[in-house]
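Listed here are the chains, written in short residue letters.
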Number of protein chains: 2
Amino acid sequence: MNLKQLAQMLALSQTTVSRALNGYPEVNEETRRRVMDAAKRHGYRPNPSARRLATGKSGMIGYVLPTGAAVDIDPHFVEFLSGLGDYARSHELDLVLSPADADDQETTYRRIVANRQVDAVYISSPRPHDSRVALVSTLGIPFLVHGRSEGFDFDYPYLDIDNEGAFHEAARLLVQLGHRRLALINGDDRESFAIHRERGVRRALAASGLTLGERHVCSVVMTEENGYRATRRLLEEGDAPTAIACSSLIMALGVVRAVRDLGLTIPGDVSLIAHDDVFPWLKPENFSVPLSTTRSSIRLAGARVAERLAARISGLEEGARGEIWPVDLVIRGSVAGAPG
Amino acid sequence: MNLKQLAQMLALSQTTVSRALNGYPEVNEETRRRVMDAAKRHGYRPNPSARRLATGKSGMIGYVLPTGAAVDIDPHFVEFLSGLGDYARSHELDLVLSPADADDQETTYRRIVANRQVDAVYISSPRPHDSRVALVSTLGIPFLVHGRSEGFDFDYPYLDIDNEGAFHEAARLLVQLGHRRLALINGDDRESFAIHRERGVRRALAASGLTLGERHVCSVVMTEENGYRATRRLLEEGDAPTAIACSSLIMALGVVRAVRDLGLTIPGDVSLIAHDDVFPWLKPENFSVPLSTTRSSIRLAGARVAERLAARISGLEEGARGEIWPVDLVIRGSVAGAPG
DNA sequence: AGAGTCTTCCAAAGCGCTTTGGCTTTTTGG
DNA sequence: CCAAAAAGCCAAAGCGCTTTGGAAGACTCT
């Protein structure tokens, strides 16, 4: 059943039927009702390929997925996706993932924009001066950044959590508890979120005249193994920290294992606060010592990103609105006063 | 730059240019070269929307993503996706994720097929008599099942790992080591993979005249917490097992924690073998006691699925070819002879 | 040499929708 | 009551590609 047939059936022109269906004003309400009715009754659905060719709109949002033999997709992605799906489902919005060589995403961005494959894109894990932001911005496709980039002479729309504030609070708490030597086990410090977190920790320390030792901050890919290694190194060297802030629950698993391997305890010998993106399959309260966390649901962020993207596509949202979500600090058993 | 312009520029008809570009035989090789050359020089890329409307082919593969407030996307998905991306990237194949209400995926399947949004789909985590397999099969779109369904009177193409064989081997090893009471902490037993694994364990036990006690098999969503709970229950009741087979590394985290909480040790009091899908961020060799595993890279499976899907789209693969990958059994420190 | 066969190309008809420009008919305002 | 404006509808022209159905010329074969 296509438009032509439907129009014929109603003894109307395709023009009128199309307009009736798409809510244009120049059609009689009575006529519109008839059309809508017939459309529903016959299960008419406009052919998206055709509509697309005519309008250039695809009804899909895009994400360029960095891939490569040495590139692992972040497990956080799946939670984000759950959120995106939550919103998208109820709006018949599809997501198209365009895998790209992690070292050359530009080609892919250009392709999907030139081809008008998607109506909007989102960018995640941005870095300062992130070339994708500049690119997408000049290409003129609606977009939203999940996270924040920096160093541009223009604004852009984004959704971020207050990473700096979160880690500032976490570090401040630790300092209040008497800790003087903090360490930060962070994610890749070329990414903004990691930079912000480090900034937060430093600011909290500075407020008490303390500093983050150069060897007390590690920047690694967020795996259990790297959490373990970082912790061993930190605790085995002289000047070992008495408190650790950690950028992910997965790394925290490694931290806990390392502490135990060294015959130390949490929070007796070292206090630990980790960031929790709220995975359904790994919860901080279930760690052998319940983990204090800075908590922010990445799933909710996914839903919000989809919502804003949809709004931007339909022109309901405009301009460079930045949105920064506060982060909860949840105290559990893994923090205590500094030893000694 | 569109086809018309290119044709004009070459003083050829659109027909000929189109055919030259698409490798049709009825065009002079000399002409083809000219066309190809000009196309490249001017960076001509056929408009996919137009091509799509004309041919009905989209150049994308689809996946219906079950979502819902109470539905969590499996973290395995992201690794699978990495693999899919590995292949898709080099073939300019995009993946479209269509979020659907987990309880009504049929509508979405019908939509994406009716709309010809994608050229092929894959189905994952199938159950016996999985309605999606039947549906997609009647809808007549090329597809591939990652995993296996059962109970149909027709064959279908799939890629699966030898879950039964893997858990058979694992259980057999444990029995050989003298264990008489095994337990299985399994995933959702409505899914085929879980059924096959249980079958494997039972078969191994039966071979030695043993059985899997009804209370020794749990079927749960694969989270750390559920692994913990299941283990506590198993070990605190009478008739506690001396060996556990576990369907996921994530659950194994919970198993290990529970065993420790109870003051028991691995492998002293209980041996443990888990299935490892090969996550980059959580490795069995890094468990406090290195974990014995049945290992199969889900990432490789993702790449293979993409490859076969591409082959099916282009007609290189036909029929209902099933492909079953063997699974490695990797022995590490978490297994030992039965205590006592 | 004429019929038949290839080879190589083309004009034009879709694919199914949106949108432009215009034509009636009705309503409004003075 | 009439001109002007508004309402309601339509035919037809795209959007940019593929494919059908020839047609013209070159070649082969008897």
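So, here's what we can say about the structure.

About the thresholds
Residues numbered from 1 in each chain as written. Chains lettered and ligands numbered in written order. Predicted model: local features only at pLDDT ≥ 70, side-chain atom pairs only at ≥ 80, totals over all residues. Heavy atoms only, no water. Core = buried A, V, L, I, M, F, W, Y, C linked by side-chain atoms within 4.5 Å. Buried < 20%, exposed > 50% of the residue type's maximum accessible area, 1.4 Å probe, protein only. Contact = heavy atoms within 4.5 Å. Near = heavy atom within 4 Å. Polar contact = N/O pair within 3.5 Å; in protein donor to acceptor, adjacent residues only side chain to side chain. Helix = DSSP H or I, 4+ residues; strand = E, 2+ residues; numbered from the N terminus. Nonpolar A, V, L, I, M, F, W, Y, C, P; charged D, E, K, R; others polar. Pairing = 2+ DSSP bridges. Axes fitted to C-alpha atoms, helices over the stretch in contact; angles between N-to-C directions. Buried area = accessible area lost by both parts, 1.4 Å probe. Salt bridge = Lys/Arg side-chain N within 4 Å of Asp/Glu carboxyl O. Parallel < 35°, antiparallel > 145°, perpendicular 65-115°, else oblique. Least-squares fit on C-alpha atoms with pLDDT ≥ 70 in both.

### Here's the deal with the nonpolar core
Membership of the largest hydrophobic core comes to 70 residues, with the highest contact counts inside it found for Phe77 of chain A together with Phe77 of chain B. With residues near it in sequence (within four places) discarded, phenylalanine 77 of chain A still touches Tyr63, Leu65, Leu97 and Tyr122 of chain A together with Val78 and Leu81 of chain B. Formed by 56 residues, the second largest nonpolar core is a distinct cluster that contains Val255, Val270 and Leu291 of chain A together with Ile244 of chain B.

### Quick word on the protein's contact with DNA strand C
Neighbouring DNA strand C are 27 residues; Leu3, Ser18, Arg19 and Tyr24 of chain A together with Thr15 of chain B lie closest to it. For DNA strand C, the backbone makes up 59% of the atoms found within 4 Å of the protein, where backbone means sugar plus phosphate. A distance of 2.6 Å separates a phosphate oxygen of DNA strand C from a polar side-chain atom of serine 18 of chain A. A distance of 2.7 Å separates a phosphate oxygen of DNA strand C from a polar atom in the side chain of tyrosine 44 of chain A. Only helix H2 (14–21) and helix H4 (48–55) of chain A together with helix H2 (14–21) and helix H4 (48–55) of chain B provide two or more residues apiece to the surface near DNA strand C. Across the surface near DNA strand C, the residue classes tally to eleven nonpolar, twelve polar and four charged.

### A look at the sheet that holds strand S2 (residues 94–101) of chain A
Across the sheet, which stays open at both edges, the twelve strands sit in the order S11(A)-S5(A)-S4(A)-S3(A)-S1(A)-S2(A)-S2(B)-S1(B)-S3(B)-S4(B)-S5(B)-S11(B) with mixed pairing between neighbours. The sheet is open, and its two borders are formed by strand S11 (322–325) of chain A together with strand S11 (322–325) of chain B, each paired with just one other strand. Neighbour to neighbour, the strand axes of the sheet diverge by 20 degrees on average, direction disregarded. As defined by bridge partners, strand S1 (residues 60–67) of chain B adjoins strand S3 (residues 120–124) of chain B across two bridges and the pair is classed as parallel. Among the inter-strand pairings, isoleucine 61 of chain B is bridged to a residue of S3 of chain B, identified as alanine 120 of chain B. In the packing of helix H12 (residues 298–313) of chain B onto the sheet, the strands contacted are S1, S3, strand S4 (143–146), strand S5 (158–161) and S11 of chain B, and the crossing angle to S4 of chain B comes to about 165 degrees.

### Notes on the interface of chain B and chain A
Listed per partner, the contact involves 53 residues of chain B and 53 residues of chain A. Of all residues in chain B, Arg89, Trp281 and Asn286 of chain B give up the largest surface area on contact with chain A, accounting jointly for 14% of the area buried on that side. Our enumeration of links across chain B and chain A arrives at six salt bridges. Linking chain B to chain A there are 26 residue pairs in polar contact (both at pLDDT 80 or more).

### Here we look at the sheet that holds strand S8 (residues 243–246) of chain A
Residues and elements named next belong to chain A. Spatially, the six strands line up as an open sheet ordered S7-S6-S8-S9-S10-S12, and their pairing is mixed. A strand with exactly one partner marks an edge of an open sheet, and here the two such strands are strand S7 (217–219) and strand S12 (328–330). Going across the sheet, the axis of each strand differs from the next one's by a mean of 15 degrees, ignoring polarity. Taken strand by strand, helix H8 (residues 163–176) contacts strand S6 (182–186), S8, strand S9 (271–276), strand S10 (292–295) and S12, and its axis lies near 165 degrees from that of S9. On top of the sheet, helix H10 (residues 224–236) reaches S6, S7 and S8; it is set at about 155 degrees to S6, its chief contact.

### So, the packing of H2 of chain A against helix H3 (residues 29–41) of chain A
Residues and elements named next belong to chain A. At a minimum axis distance of 9 Å, the contact between H2 and H3 shows a crossing angle of 85 degrees. Here H2 is positioned roughly perpendicular relative to H3, judged by the angle of their axes. Across the interface between the two elements, Thr16, Val17, Arg19, Ala20 and Leu21 of H2 pack against Thr31, Arg32, Val35, Met36 and Ala39 of H3. Class assignment of the residues belonging to the contact of H2 with H3 gives a composition of six nonpolar, two polar and two charged.

### Focus on the side chain of serine 124 of chain B
Residues and elements named next belong to chain B. Tracing the backbone through its elements, the reader meets serine 124 in strand S3. Of note is the side chain of serine 124, whose polar atom sits 2.7 Å from the side chain of tyrosine 63. With residues up to four places along the chain from it excluded, the contact list for serine 124 reads Tyr63, Arg132 and His146.

### Here's the deal with the relation of the copies chain B and chain A
The transform that puts chain B on chain A rotates by 180 degrees and translates by 0.0 Å along the axis, for an RMSD of 0.1 Å. In the structure described here, the two chain copies are related by an operation that fits a two-fold rotation axis. Judged by C-alpha distance, valine 96 of chain B is the residue of chain B that lies nearest the rotation axis, at 2.1 Å. Both copies present the same face, since 100% of the interface residues in chain B are matched by interface residues at the equivalent positions in chain A.

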